[in-house]
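Geometric and topological summary
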Amino acid sequence: MNHPDEIGGLRVLVAGAGNGIGAGVAELLLASGAVVVGSDLPAVRPHLPGLTAWLPVDLADPPSVRAMVDGATQTLGHIDGVVNCVGILGDPAPAAEEPVDHFEHVLRVNLTGAFALSQAVLPVMAAAGYGRLLHIASMAGKDGNAGMTGYSASKAGLMGMVKALGKEYATTGVTVNAIAPTMVETTLIRGMSDEQVARLRTLIPMGRLATVAEVAALVRWAISPAASFTTGFTYDLSGGRATY
């Protein structure tokens, strides 16, 4: 690579690449010259030309996660970077009305699944002496969103996990970070009421939602060789909403 922020030739696994942020990330990485394996739920089909492979995964199922990582490793030879864009809202509702099993399912996908993915890829990256693991978190994990208790808790837990893993792997050449966007213009917000979306938009000083392209641009840098001295950190993408 001619410059430390170039990612041409890097071998990257993008989980959740079927739509939304994941698809935008995969598209930008491909355009930047990265070798990309995409993954998503078995029922999801890719719409991106140029992917080296497409692998099914259910992040709520640890054996499925391990199979995805093994498949990506076999395809790529080695994984330089992993971007986890998998996330679900669940069924937004007041906490008193949110069934415990729904709450637990959101945590299982957004947090336990992220842990299973981290557990599968980090030792391999550490053995190679290089790697970038990046999880997509949310401003809901920092501020908490009313009516979205399970989602907020899962993203707060995700950021705590990133802090711990960043420290654990700090001397290996592997970084572990997250990005916390405010609301992004994707299909994910279709699970929210118009009132919820309008209320959350008022919390953003810029007065608008983030775009997938803006998230992808930050991902591109965060998984580049240039992002070598930041680990255990959550990057804000909040339009001024972040308070810490």
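Residues numbered from 1 in each chain as written. Predicted model: local features only at pLDDT ≥ 70, side-chain atom pairs only at ≥ 80, totals over all residues. Heavy atoms only, no water.

1. Section: helix α2 (residues 62-76)
The end-to-end C-alpha separation of α2 is 21 Å, in line with the 21 Å expected for 15 residues at 1.5 Å each. When α2 is considered as a whole, its buried residues turn out to be Ser64, Val65, Met68, Val69, Gly71, Ala72 and Leu76. The buried residues of α2 all sit within an arc of 160 degrees when viewed along its axis, so they share a single face. Those residues of α2 that are exposed and angled more than 90 degrees off the buried face are Pro63 and Gln74. Packing partners of the buried residues in α2 comprise β1 (11-15), β2 (35-40), β3 (53-56) and α3 (100-128). (Helix = DSSP H or I, 4+ residues; strand = E, 2+ residues; numbered from the N terminus. Expected span 1.5 Å × (residues − 1). Buried < 20%, exposed > 50% of the residue type's maximum accessible area, 1.4 Å probe, protein only. Arc of directions from axis to C-beta. Contact = heavy atoms within 4.5 Å.)

2. Notes on the packing of helix α1 (residues 20-31) against helix α7 (residues 212-222)
Running from N to C, α1 and α7 cross one another at 55 degrees; their axes reach a closest spacing of 8 Å. What the angle tells us is that α1 and α7 run oblique. For the pair α1 and α7, the crossing hand works out as right-handed. In this structure, α1 uses Gly20, Ile21, Gly24, Val25, Leu28 and Leu29 to contact α7, whose residues at the interface are Val212, Val215, Ala216, Ala217, Val219 and Arg220. Partitioned by chemical class, the residues of the contact of α1 with α7 number 9 nonpolar, 2 polar and 1 charged. (Axes fitted to C-alpha atoms, helices over the stretch in contact; angles between N-to-C directions. Parallel < 35°, antiparallel > 145°, perpendicular 65-115°, else oblique. Left-handed = near helix turned anticlockwise from the far one by under 90°. Nonpolar A, V, L, I, M, F, W, Y, C, P; charged D, E, K, R; others polar.)

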